[in-house]
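What the coordinates show
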Amino acid sequence: MDLIGKRALVTGGSRGIGAAIALALAENGADVAFTYQRSAERAATVVRSIEDNDRRGLAIQADSADPDAIRRAVAQTVGALGGLDILVNSAGVAIAGMTADLSLADLQTMLDVNVRGPVLFAQAAIPHLAAGGRIVSIGSSLAERVPFPGVTAYAMSKSALLAFTRGLSRELGPQGVTVNLVLPGSTDTDMNPADGENADYQRSLTSLGRFGEPREVASAVAFLASPAACLITGAVLNVDGGFAA
């Protein structure tokens, strides 16, 4: 999992799974830029953690629903780090609600961030990715299985990454760039804490009977970003404690 000399951009990297990914890449030798939307204080903490591993860290304020901000974030990463080898699409938003009650604004927000965002980040990154480049997106275990109501639109937005990953792997394969998708299950984050209201029910749906930790998802991403995964592309990796079993 040697990433020494690699330059990475992680979207939504100031907290939760995104922050764990940024740190895992740095621990394996990569210089890491990441985007955040609001919390400059949390972003600064992640930068310090990256630098504690003797790697360069860069926090970029960017809204993943804003096409201009996306292009600027990629350009700023390339300028600061001297290039780009790894793109991790981790930014996401989840808005629960029954389909009949979901507002147009909430639906559009999820489509903009969860679907359009990864496509636009990839568009901006592709010209900079040489052979050995990596694109890894973070989806959701709900993309393939929806065992309870109220998350239909969110699940739909995450399922779009299945086709995007497989199709893009075909497009970029000839230039030696791999494209893969990680589907986390219930993971202990601010968005879905392991002591939350529905946590026990979520645990009951898994084989292991527990929530995942962000670092466990991050380890899978670091592997897919590494030379060890050079023959893996167009793949979907469940990191869900057996939710999909």
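Everything quoted here is computed from the prediction, not taken from an experiment.

Reading the values: the criteria
Residues numbered from 1 in each chain as written. Predicted model: local features only at pLDDT ≥ 70, side-chain atom pairs only at ≥ 80, totals over all residues. Heavy atoms only, no water. Axes fitted to C-alpha atoms, helices over the stretch in contact; angles between N-to-C directions. Helix = DSSP H or I, 4+ residues; strand = E, 2+ residues; numbered from the N terminus. Parallel < 35°, antiparallel > 145°, perpendicular 65-115°, else oblique. Left-handed = near helix turned anticlockwise from the far one by under 90°. Contact = heavy atoms within 4.5 Å. Nonpolar A, V, L, I, M, F, W, Y, C, P; charged D, E, K, R; others polar. Pairing = 2+ DSSP bridges. Right-handed = clockwise from strand over helix to strand, strands pointing away. 1 Å grid on protein atoms, 1.4 Å probe; cavity = no way out; pocket = protein on both sides within 12 Å on 5 of 7 lines; lining within 4 Å. Points joined across faces, edges and corners; volume = space filled by probe spheres on them.

1. Digging into the packing of helix α1 (residues 16-27) against helix α2 (residues 40-52)
- Remark: α1 packs on α2, axes separated minimally by 9 Å, with the N-to-C direction vectors making an angle of 15 degrees. Compared by their axis directions, α1 and α2 come out roughly parallel. With respect to the hand of their crossing, α1 and α2 are arranged in right-handed fashion. Contacts from Ala19, Ala22, Leu23 and Ala26 of α1 reach α2 at Val46, Ser49 and Ile50.
- Among the residues forming the contact of α1 with α2, the class breakdown is six nonpolar, one polar and no charged.

2. Re the pairing of strand β3 (residues 57-61)
- As paired strands, strand β2 (residues 31-36) and β3 are joined by five bridges and run parallel to one another. In the strand pairing of β3, Phe34 is matched with Ala59.
- Handedness of the crossover joining β2 and β3 through α2 is recorded here as right-handed.

3. Section: the layout of surface pockets
- Of the voids in this model, the largest pocket is the one considered here, and its volume is about 1,400 Å³.
- If you go around the largest pocket, you meet 50 residues; those closest to its centre are Gly92, Val93, Ala94, Tyr154 and Met191.

4. Considerations on the sheet that holds strand β6 (residues 178-184)
- Taking strand neighbours across the sheet as the criterion, the seven strands line up as β3-β2-β1-β4-β5-β6-β7 in an open arrangement whose pairing is parallel. Edge positions in the sheet fall to β3 and β7 (236-239), since each of these pairs with one other strand and no more. Across this sheet, the average inter-strand angle for adjacent strands is 20 degrees, counted without regard to direction.
- Sheet analysis places strand β5 (residues 134-138) next to β6, joined by five bridges and oriented parallel. Bridge assignment links Ile138 to a residue of β6, and that residue is Val182.
- Its contacts with the sheet place α2 against β2 and β3, and it is angled at close to 170 degrees to β2.
- On top of the sheet, helix α4 (residues 104-125) reaches β1 (7-10), β2, β4 (86-89) and β5; it is set at about 170 degrees to β4, its chief contact.

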